[in-house]
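Next come the chains, spelled out residue by residue.
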Amino acid sequence: MTESSLGNLRILDLSRILAGPTCTQMLGDLGADVIKIERKDHGDDTRKWGPPFVAPKDGPATESAYYIAANRNKKSVEIDFGDPADLDRLLALMAGADVVVENFKPGGLKKFGLDYEQVAARFPQLVWCAISGFGKTGPNAHRPGYDLLAQGYGGLMSITGARDGEPMKVGVGITDLCTGLHATVAILAALRHRDATGQGQLIDLSLVDVQMAMLANQGTNYLVSGQSPTRAGNEHPNIVPYQVFEVADGHVIVAVGNDEQYRRFCALIGRPELADDPRFVTNALRIENRAEIISLIAATLADLSRDTLLSGMEARGIPGGPINTIGEVLESDQARARGMKIEMTQDHANAGTVPLIGNPIKMSRTPVTYRFAPPKLGADTESVLGDL
């Protein structure tokens, strides 16, 4: 049997939607025993977020493509939060758990006797990760949080989209996904501390905090200059040329990262004089004269084919690439070679399997494992609760 990194850990997943489930799926892929606690007869909201749905062998479709994206390597247990006996069972599960992950609104578990302060008094070794829109403190702590709201509040939409277009969200729930990854890192750090001291702790993670941290150089551009960055389409705020260009048969990405690459690029496209033009010889000058140099490059590239340009760039060590559709990238030789498209056995699916995106972590001694396909609601209730 393949050795796993986290095979000795039990995670109770009281989260739903995407941020928390992304975290717990990652922990499950790394070997942890993840028990997904779901509200009786309802379950994770995303189960119904379709179409598309996984085609069932019989009966109605119960798993959307959205749900299966973040819920493999988990067991599903239904809990009736209005039933004191079920709450006692949940507490019994917490007694044997290492980590709880939840995304209830701050204070939402208190009425059940299940918030961190109440539970930690009984189980001080427990690591508790609470994910919410704005965190447990601050003037907005009471407000709910969804990815779109976090992208808007956290500044991302103000720098995403065309210069003359409306503010634009990213095409996936990027704040949720990054919050899930931050949660994973924080949990592993807290477990390291717990193992050394015997003490658990509370992790208070906010979507909006994560989104502000994700502003990276755009955020520090503001802090240093005092000027808020604005939407610039596919242009890079600090590097030129580093953007999408139209060519004769589509679009390409040109990602020139330094002045030497710029000189090679100018020679490749038949415009060597642009490398010596005093307006463009350094990156700082190209930023200052962005409109002029981009206009000259765009006019030159308009007559070139995508493959001719990209093959020439690759031969000369100039970064660039195509803009694939999702179908093109997931069906590519690269995805196949890296195990980024997988199939997992799922008995209740009409095809007998369910297609999923693989985990990008490649480890030489403790690789990720794919043990359980995304479960039906309550599929493991009897087996898990029967073990108590």
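Refer to the preceding data block for the structure.
Predicted, not measured: the structure shown is a model, and the values here were computed from it. All residue numbers refer to position in the chain's written sequence, counted from 1. Since the coordinates come from a predicted model, pLDDT governs what is reported: local features require at least 70, and pairs of side-chain atoms require 80 or more to be given and counted, while whole-chain, interface and lining totals use all residues. The side-chain quantities take in all heavy atoms of the structure and omit both hydrogens and water.

> How should helix 12 (residues 290–301) be read in this particular structure?
Every α-helical turn comprises 3.6 residues, leaving residues that sit three or four positions apart pointing alike. Helix length check: helix 12 (12 residues) gives 16 Å between terminal C-alpha atoms against 16 Å at 1.5 Å per residue, within 8%. When a residue's accessible area, from a 1.4 Å probe over protein chains only, is under 20% of the maximum for its type it is buried; when over 50% it is exposed; and in between it is partly exposed. Where helices and strands are cited, they refer to DSSP runs of H or I of at least four residues and of E of at least two residues respectively, numbered from the N terminus. Where helix 12 is concerned, the buried positions are R290, I293, I294, I297, T300 and L301. Take helix 12 and look down its axis: the buried residues cluster within an arc of 130 degrees, on one side only. What points out from helix 12, more than 90 degrees from its buried face, is the exposed set A291 and A299. Every residue pair with non-hydrogen atoms within 4.5 Å of one another is taken to be in contact. On the buried face of helix 12, the contacting elements are strand 7 (242–247), strand 8 (250–255), helix 9 (259–268), helix 10 (273–276), helix 11 (283–288) and helix 13 (306–315). Multiply 1.5 Å by the residue count of a helix minus one, and that product is the helix's expected span. When we speak of the arc, we mean the arc of directions from the helix axis to the C-beta atoms.

> How should I be thinking about the nonpolar core in this particular structure?
Here is a general trend for soluble globular proteins: nonpolar side chains tend to be buried in one another's company. By size, the foremost hydrophobic cluster in this structure holds 28 residues, and its most contacted members are I11, V101, I131 and I187. For this core, the elements supplying multiple residues, two or more each, are helix 1 (19–29), strand 4 (99–102), strand 5 (127–132), helix 6 (174–197), strand 6 (202–206) and helix 7 (207–213). Per element, the largest residue contribution to this core is five residues, and it comes from helix 6. Other than its neighbours up to four places away in sequence, I131 contacts A19, G20, V101, E102, N103, F104, T179, A183, L205 and L207. Residues grouped as a nonpolar core are buried Ala, Val, Leu, Ile, Met, Phe, Trp, Tyr and Cys residues, joined through side-chain atoms within 4.5 Å. In terms of nonpolar packing, the next biggest core, distinct from the first, is built from 26 residues, L109, L114, V119 and V384 among them.

> What exactly am I supposed to notice about the layout of surface pockets here?
Left-over empty space is what a probe sized like a water molecule reveals as it rolls over the atoms. Definitions used for this entry: grid spacing 1 Å over protein atoms alone; cavity, a set of points where a 1.4 Å probe fits but cannot get out; pocket, an open set with protein on both sides within 12 Å along at least 5 of 7 lines; lining residue, one with an atom within 4 Å of a point. Grid points are joined across faces, edges and corners, and a volume is the space filled by probe spheres set on the points. There is about 1400 Å³ of room inside the largest pocket. Lining the largest pocket are 39 residues, and of these L18, A69, V172, L177 and I357 sit closest to its centre. Breaking the lining of the largest pocket down by element, the ones donating at least two residues are helix 1, helix 2 (65–68), helix 5 (147–153), helix 6, helix 14 (326–330) and strand 11 (353–357). Residues belonging to the lining of the largest pocket are distributed by class as follows: 26 nonpolar, seven polar and six charged. In this structure, the second largest pocket spans a volume of roughly 770 Å³. Lining the second largest pocket are 33 residues, with R16, D45, N103, F104 and K105 sitting closest to its centre. Elements with a minimum of two residues in the lining of the second largest pocket: helix 1, strand 2 (33–39) and strand 5. Tallying contributions element by element places strand 2 first for the lining of the second largest pocket, with four residues. Residue polarity is assigned by list, with Asp, Glu, Lys and Arg as charged and Ala, Val, Leu, Ile, Met, Phe, Trp, Tyr, Cys and Pro as nonpolar; anything else, Gly included, falls into the polar class.

> Help me understand the environment of D303 in this model?
For D303, the position within the fold is in the loop between helix 12 and helix 13. Owing to a relative accessible area of 68%, D303 belongs among the exposed residues under this scheme.

> It is not clear to me how a nonpolar patch on the surface should be interpreted in this structure. Could you clarify?
Only residues whose relative accessible area exceeds 30% and that form no salt bridge enter a patch; like-charged residues are grouped when within 9 Å of one another, and nonpolar side chains (Val, Leu, Ile, Met, Phe, Trp, Tyr) when within 5 Å. Throughout, the Shrake-Rupley method with a 1.4 Å probe supplies accessible areas, and for residues the shown protein chains are the sole cover considered. Any carboxyl oxygen of Asp or Glu that lies within 4 Å of a side-chain nitrogen of Lys or Arg is treated as forming a salt bridge with it. On the surface, W49, Y66, Y146 and L149 cluster together into a nonpolar patch covering about 400 Å² of accessible area. Relative to the helices and strands, Y66 is located in helix 2. By relative accessible area, which is 31% here, Y66 ends up partly exposed.

> Teacher, can you tell me more about the environment of G31 here?
Secondary-structure assignment places G31 in the loop between helix 1 and strand 2. When the C-alpha positions of G31 and T369 are compared, they lie 6.8 Å apart, and in sequence the two are 338 residues distant. When neighbours within four sequence positions are excluded, G31 is seen to be in contact with S4, L6, G7 and R371.

The values are spatial; any link to function lies outside them.
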